[in-house]
Amino acid sequence: MPTPSRVIGPSLKDNFMQNFRMWFLYITLALTLSNHIVTANIEDRRRFSNPTYYNVGGVLSSNESIAFFKDTISNLNFKDQYVPRGVTYHDYSILMDPNPIKTALNVCKDLIGHRVYAVIVSHPLTGELSPAAVSYTSGFYHIPVIGISSRDSAFSDKNIHVSFLRTVPPYSHQADVWVDVLKHFNYMKVIVIHSSDTDGRAILGRFQTTSQSIDEDVDRKVVVEQVIEFEPGLDSFSDRLIDVKSAQARVFLMYASKTDAEIIFRDATYLNMTTTGYVWMVTEQALDAANAPEGLLGLRLVNATNEHAHIQDSIYVLASAIRDMNTSEEIHAPPSDCDNSGSIWTTGRLLFDYIRRQSLENGATGHVAFDDHGDRVHAEYDMVNVRAQGEHVAVGKYFYSKETQKMRLELKEHEIIWMGRSLSKPEGFMIPTHLKVLTIEEKPFVYARRIVDDSDCSPEEIPCPHYNASEDTDQMFCCKGFCIDLLRYLSKAINFTYSLALSPDGQFGNYIIRNLSVPGAKKEWTGLIGELVYERADMIVAPLTINPERAEFIEFSKPFKYQGITILEKKPSRSSTLVSFLQPFSNTLWILVMVSVHVVALVLYLLDRFSPFGRFKLANIDGTEEDALNLSSAIWFAWGVLLNSGIGEGTPRSFSARVLGMVWAGFAMIIVASYTANLAAFLVLERPKTKLTGINDARLRNTMENLTCATVKGSAVDMYFRRQVELSNMYRTMEANNYDNAEQAIQDVKNGKLMAFIWDSSRLEFEAAQDCELVTAGELFGRSGYGVGLQKGSPWADLVTLAILDFHESGIMESLDNQWILRNNMLNCEENEKTPNTLGLKNMAGVFILVLAGIVGGIVLIIIEVVYKRHQIRKQKRMEIARHAADRWRGAVEKRKSLRASILPSQRRAKSNGVKEAGTISLVVDRSTRRRDEPRVPRYLPAYTPDVSHLVV
């Protein structure tokens with residue numbers, strides 16, 4: 001039987017060997033990785049030839065600080081997260097000398113001579129210039145300098161202190177805390193008092209920039225009402241304080257040295273400006289004033305005097321920067337002396353940038369980070385409240401929040417004791433009881449009447465000179481209207497007095513952006529809005545439209561009247577031409593009627609002509625035939641039936657013609673009735689409609705249409721069109737036609753020069769009610785309201801809003817509407833719409849002209865008839881004379897023939913008897929002996945002288 005050891009032995013041995021192999025593999029893997037890392041570091045260092053020893057210099061205020069500096073450097077070499085393997089840090093430090101020249105020489109000798117990569121500098125026990133000497137000396141060679149106590153704003157100027165960084169913030173950074181504290185307490189208007197040195201001006205500039213920066217809370221911007229700048233070394237400050245005692249703001253922000261702050265507090269206490277209702281916030285220096293009043297609020301930097309903590313953070317930030325730089329940049333050795341003035345250390349510039357980009361999440365002084373100037377950001381402050389006997393009590397803190405990665409303010413408001421030992425937070429402003437109120441002439445809200453003297457104003461009017469022109473008698477006006485009565489009600493309801501003035505340029509106000517190419521260009525306002533923005537007026541009571549552009553710069557009350565935008569145009573009148581009476585029928589129908597008259601007349605004539613029973617065939621009882629129906633009589637009959645005139649003669653006789661006449665009479669009745677009805681529809685009952693259907697009318701959107709529309713330049717309507725992308729084409733078209741004021745545009749609409757005027761619905765509806773020839777088109781769009789304008793953060797804003805809401809509930813607004821907007825205006829036009837139009841000469845002028853044409857035509861025809869008749873008479877007389885002459889000539893010829901017939905036989909007998917022709921008988925009638933009434937006998941008749949010789953005995 002085997003022994004137990006032999007049974008158990010192989011199992012233990014196997015386990016041991018398995019564990020040994022596993023540990024051997026782990027050790028081998030670790031050694032391999034370690035060798036790779038070391039090899040990589042060696043290769044990196046070989047590649048860049050970077051040094052393995054780094055000297056850090058220190059210019060400190062005490063031996064205790066120097067000892068802490070050495071210990072921190074020694075401990076740093078054992079911190080792998082800051083110092084890579086194979087890298088070692090060494091310290092070189094000197095005491096700060098109050099003499100800046102000696103300090104500079106010591107830096108060259110003891111620090112730069114040992115090739116330091118950076119210098120950590122503290123402050124001297126006495127004097128202020130030694131840190132600057134260290135910065136100038138090291139900065140000349142671009143050796144980074146990290147300050148741990150210097151807070152002057154001059155060190156932020158990189159043109160002078162080119163390589164200076166600091167773990168403490170400059171004094172000017174207290175402005176950031178001020179802004180957050182003011183917004184927390186809702187103090188939107190302040191007075192800033194500061195010295196005229198570099199730090200005083202820097203804190204004012206930073207405060208103004210920070211308070212006006214655009215962040216998520218745009219509406220809450222702190223406004224600086226006044227700035228008081230003084231020269232350091234004050235003897236008295238009473239005169240300056242008296243000047244601001246009448247200001248509206250009661251919150252004072254002060255930057256001053258301890259001695260100057262004592263003078264200011266002394267004079268402010270004497271003038272009772274440190275009592276209840278006032279708020280004083282000061283910086284760290286002024287907080288140490290011996291006579292700081294009770295209730296004062298001040299700031300104090302956390303760890304400001306903890307030099308050891310700042311030394312530690314500075315060394316760790318420097319080590320982090322060198323660690324990052326060592327892996328990616330080639331590092332050259334720093335200069336070794338100050339004699340070679342021509343050498344500039346290029347690595348120093350890179351090291352400065354690497355230090356500036358470092359961040360310590362859990363530094364000894366909190367979250368350590370730097371801005372572009374190398375100044376500390378995210379520094380923590382305590383909010384200190386001064387109590388009795390100068391006790392300083394922390395009532396809040398300003399710290400970096402890791403959750404939001406932003407600075408955060410926490411205050412214990414219930415523990416704050418305010419000025420005058422008040423436990424309640426002051427309002428921070430004094431409400432003025434006399435206000436400068438501006439308005440603008442805009443019917444029916446404000447009527448302005450020029451006067452010579454203030455006494456010329458009626459009881460319902462208020463004197464309202466042009467703003468800044470009250471001494472000019474030509475600029476004096478009396479104002480009345482909806483807004484004037486509203487101002488009266490407001491002054492009584494919330495108890496203030498006022499002086500009223502008209503807009504200086506007659507405009508509501510428009511913004512102009514100057515220097516568009518410059519980033520952050522600001523808007524400059526004109527008109528009423530500009531007076532309010534630049535605090536030259538306190539209130540605007542006018543038909544001022546509430547819109548986003550204006551609300552960004554001024555405060556608005558709740559609307560006192562709701563309205564929108566609409567379009568005003570002139571009613572399209574029917575064109576009353578001379579042929580208006582022909583409008584009921586179309587031209588084609590008139591031609592057919594004219595043709596029908598003559599065709600029917602012709603058919604009537606033919607039927608009566610060829611009918612066996614017509615007038616042409618039948619004879620009367622007495623054997624004579626009646627007058628036949630000729631063509632002219634048929635035409636007369638057809639026209640007489642059509643025009644409903646009596647027919648006295650020339651009617652058809654045959655049955656067939658009379659049937660046609662009856663049908664024609666029915667046709668005439670229908671035509672006349674239709675004409676009469678349609679004439680009434682055209683000239684009496686029809687009302688002209690608007691030419692436009694609204695803002696979406698295609699003619700407004702189509703720039704090719706010959707339709708001019710406009711609004712007022714820089715008005716709320718103009719801003720509305722700028723905001724609407726879908727109306728951009730229309731706005732570009734109408735922009736060139738815009739007017740300076742609404743009065744001129746409305747007048748041009750009345751005169752027909754402007755087709756469409758786009759403006760506030762309240763005004764345009766009022767104008768349409770005043771003049772029934774005007775009409776508003778389409779539905780309202782861009783709905784908004786009229787509000788009372790006030791300065792941003794004005795204490796009157798809530799009071800005015802509450803008063804307006806009360807006016808709406810009590811019916812005051814309704815009564816103002818009835819008195820100024822609706823009074824006897826809408827009714828007149830509505831009555832005119834309900835009554836029919838009366839026909840006038842303009843409508844029926846064509847009929848009268850037709851009658852006149854008939855009269856003229858009759859006169860012309862009678863003249864033609866008379867002339868024609870006279871011509872016929874003359875022609876008949878000539879024919880009669882010719883007939884008489886022909887008759888006489890015929891008689892003479894007959895007489896001659898008969899005489900010849902009687903003479904010829906005698907001649908033959910005489911001839912046969914041998915009788916000679918003794919003479920001849922002349923048949924020629926002597927012209928002189930012929931009577932005038934006797935007909936002429938042709939002279940070419942042959943003269944015949946009969947031979948009567950045989951008759952002589």
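Residues numbered from 1 in each chain as written. Predicted model: local features only at pLDDT ≥ 70, side-chain atom pairs only at ≥ 80, totals over all residues. Heavy atoms only, no water.

Draft legend 1. Structural view of the sheet that holds strand β19 (residues 462-463). Across the sheet, which stays open at both edges, the three strands sit in the order β18-β20-β19 with antiparallel pairing between neighbours. Looking at the sheet topology across the chains shown, the edges are occupied by β18 (447-450) and β19. (Pairing = 2+ DSSP bridges. Helix = DSSP H or I, 4+ residues; strand = E, 2+ residues; numbered from the N terminus.)

Draft legend 2. Geometry of the state of the cysteines. Under the defined criterion, the tally for this structure stands at three disulfides. Each sulfur of the disulfide joining C108 and C338 lies 2.1 Å from the other. Here the S-S torsion is close to -100°, and the disulfide linking C108 with C338 is therefore left-handed. Linking C108 in helix α3 (residues 100-111) with C338 in the loop between α10 (307-328) and α11 (346-356), this pair joins segments that are 230 residues apart in sequence. (Disulfide = S-S within 2.5 Å.)

Draft legend 3. Structural context of the confidence of the model for the protein. Across the protein, the average pLDDT comes to 81, with 79% of residues at 70 or higher. This model gives residues 1-21 a pLDDT under 50, and the stretch forms two contacts once residues within four places in sequence are excluded. Counted against residues more than four places away or in other chains, residues 23-46, with its pLDDT under 50, gives five contacts. (pLDDT = per-residue confidence, 0-100. Contact = heavy atoms within 4.5 Å.)

Draft legend 4. Quick peek at the pattern of salt bridges. Summed over the entire model, instances satisfying the criterion amount to 25 salt bridges. The residue E410 makes a salt bridge to R408 at a minimum N-O spacing of 3.4 Å. Judged by its relative accessible area of 30%, E410 is partly exposed. Since its relative accessible area comes to 43%, R408 is described here as partly exposed. Among the charged side chains, a salt-bridge network with shared partners connects E442, E743, R763 and E767. (Salt bridge = Lys/Arg side-chain N within 4 Å of Asp/Glu carboxyl O. Buried < 20%, exposed > 50% of the residue type's maximum accessible area, 1.4 Å probe, protein only.)

Draft legend 5. Local environment of the UniProt feature "transmembrane region" (unreviewed entry) in the protein. In the UniProt entry, the feature "transmembrane region" (unreviewed entry) is given for residues 589-607, 659-685 and 844-868. The span residues 589-607 is 100% helix and 0% strand, and its two end C-alpha atoms sit 26 Å from each other. (UniProt positions renumbered as here; feature names shortened; annotations may be inferred.)

Draft legend 6. Summary view of the packing of aromatic side chains. Summed over all chains, the structure comprises 28 aromatic pairs. When the ring of Y117 is compared with that of W345, the centres are 5.5 Å apart and the planes differ by 65°; the resulting orientation is edge-to-face. Residue Y117 is located in strand β3 (residues 116-121), and its partner W345 is located in the loop between α10 and α11; the two are separated by 228 residues in the primary sequence. Pair check on accessibility: Y117 and W345 agree, each one buried. Among the aromatic residues, ring-to-ring pairing joins Y54, Y89, Y117 and W345 into one connected group. (Phe/Tyr/Trp six-rings, centres within 6.5 Å; stacked < 30°, edge-to-face > 60°.)

Draft legend 7. Region of interest: helix α21 (residues 742-751). When we look at burial in α21, the residues that qualify are A742, A745, I746, D748 and V749. The arc enclosing the buried residues of α21, seen along the axis, measures out at 160°, which places them on a common side. Tucked inside the fold, the buried residues of α21 contact β26 (561-570), β28 (756-760), α22 (761-770) and β29 (774-786). Two to three positions downstream of the cap, the backbone nitrogen of E743 sits 3.3 Å from a side-chain oxygen, assigning the N-cap of α21 to N741. (Arc of directions from axis to C-beta. Polar contact = N/O pair within 3.5 Å; in protein donor to acceptor, adjacent residues only side chain to side chain.)

Draft legend 8. The packing of helix α15 (residues 587-610) against helix α16 (residues 631-642), seen in detail. Taken N-terminus to C-terminus, the directions of α15 and α16 make an angle of 135°; their axes are 8 Å apart at the nearest point. In terms of axis orientation, α15 runs oblique to α16. Between α15 and α16 the crossing geometry is right-handed. Across from V593, M594, V597, H598, A601, L602, L604 and Y605 in α15, the residues of α16 making contact are L631, A634, I635, F637, A638, W639 and L642. (Axes fitted to C-alpha atoms, helices over the stretch in contact; angles between N-to-C directions. Parallel < 35°, antiparallel > 145°, perpendicular 65-115°, else oblique. Left-handed = near helix turned anticlockwise from the far one by under 90°.)

Draft legend 9. Fine view of the pairing of strand β12 (residues 366-370). In terms of residue burial, β12 counts as a mostly covered element, since five of its five residues are buried. Between the antiparallel neighbours strand β11 (residues 360-363) and β12 lie two residues. Of the pairings in the sheet, the one linking β12 to strand β13 (residues 376-377) comprises two bridges and is antiparallel in character. Bridge pairing in β13 places F370 opposite R376. Counted along the chain from β12 to the antiparallel partner β13, the turn is five residues long, and its residue G374 has a positive phi close to 85°.

Draft legend 10. Local environment of the sheet that holds strand β17 (residues 434-439). Taken in spatial order, the five strands make up an open sheet running β21-β17-β24-β30-β25, and their pairing is mixed. The strands lining the two open edges of the sheet, one partner per strand, are β21 (497-502) and β25 (555-556). Judged from the two bridges that link them, strand β24 (residues 539-540) and strand β30 (residues 789-790) form a sheet pairing that is antiparallel. By the bridge assignment, M539 is partnered in β30 with L790. Helix α12 (residues 482-494) contacts β17 and β21 of the sheet and is inclined by roughly 160° relative to β21.

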